[in-house]
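Residues per chain, in single letters:
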Amino acid sequence: MFNTNLVHNLINLFGLILGTLLTVDWTSFGFSPAEAAKVAASVLVLSNVVKMTMNFTRDGARGILKPQPPVAANDSTPATVAKAA
């Protein structure tokens, strides 16, 4: 089965790296500030479109709106047991 969670996390990491790179003075590399902003915006929009497409493909239209199931606690105790405690 395709691990969509891993892809989401990799895309988020890429967005973090890209956001960090936006703080660099791109003009020293020959880019204008407008060109750098366009590239960054395009990559961020594309990453979100990819993530939404994966969600829609995996869960369908209803799955995008439904609440996420509970996540287990770090100690491997099921979330329902941890919540009751």
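The present account deals with the structure reproduced in this document.

Definitions and limits used
- Residues numbered from 1 in each chain as written.
- Predicted model: local features only at pLDDT ≥ 70, side-chain atom pairs only at ≥ 80, totals over all residues.
- Heavy atoms only, no water.
- Helix = DSSP H or I, 4+ residues; strand = E, 2+ residues; numbered from the N terminus.
- Expected span 1.5 Å × (residues − 1).
- Buried < 20%, exposed > 50% of the residue type's maximum accessible area, 1.4 Å probe, protein only.
- Contact = heavy atoms within 4.5 Å.
- Patch = residues over 30% accessible without salt bridge, like charges linked within 9 Å, V, L, I, M, F, W, Y side chains within 5 Å.
- Areas by Shrake-Rupley, 256 points an atom, 1.4 Å probe, with all protein chains shown as cover.
- Salt bridge = Lys/Arg side-chain N within 4 Å of Asp/Glu carboxyl O.

Let us now look at helix H2 (residues 33-65). The end-to-end C-alpha separation of H2 is 37 Å, well short of the 48 Å expected for 33 residues at 1.5 Å each. Taken together, the buried positions of H2 are occupied by Ala36, Ala40, Ser47, Lys51, Met54, Asn55 and Gly63. Looking at the buried positions of H2, the neighbouring elements they touch are helix H1 (4-21).

Attention shifts here to a nonpolar patch on the surface. Together, Leu6, Leu10, Leu13, Leu16, Ile17, Leu21, Val24, Phe29 and Phe31 make up an exposed nonpolar region whose accessible area comes to about 840 Å². One can find Leu21 in helix H1.

We now examine the side chain of Lys51. Relative to the helices and strands, Lys51 is located in helix H2. The buried category is assigned to Lys51, whose relative accessible area is 15%. The contact partners of Lys51, leaving out residues within four places of it in the chain, are His8, Ile11 and Asn12.

Nothing here speaks to function; it is geometry throughout.
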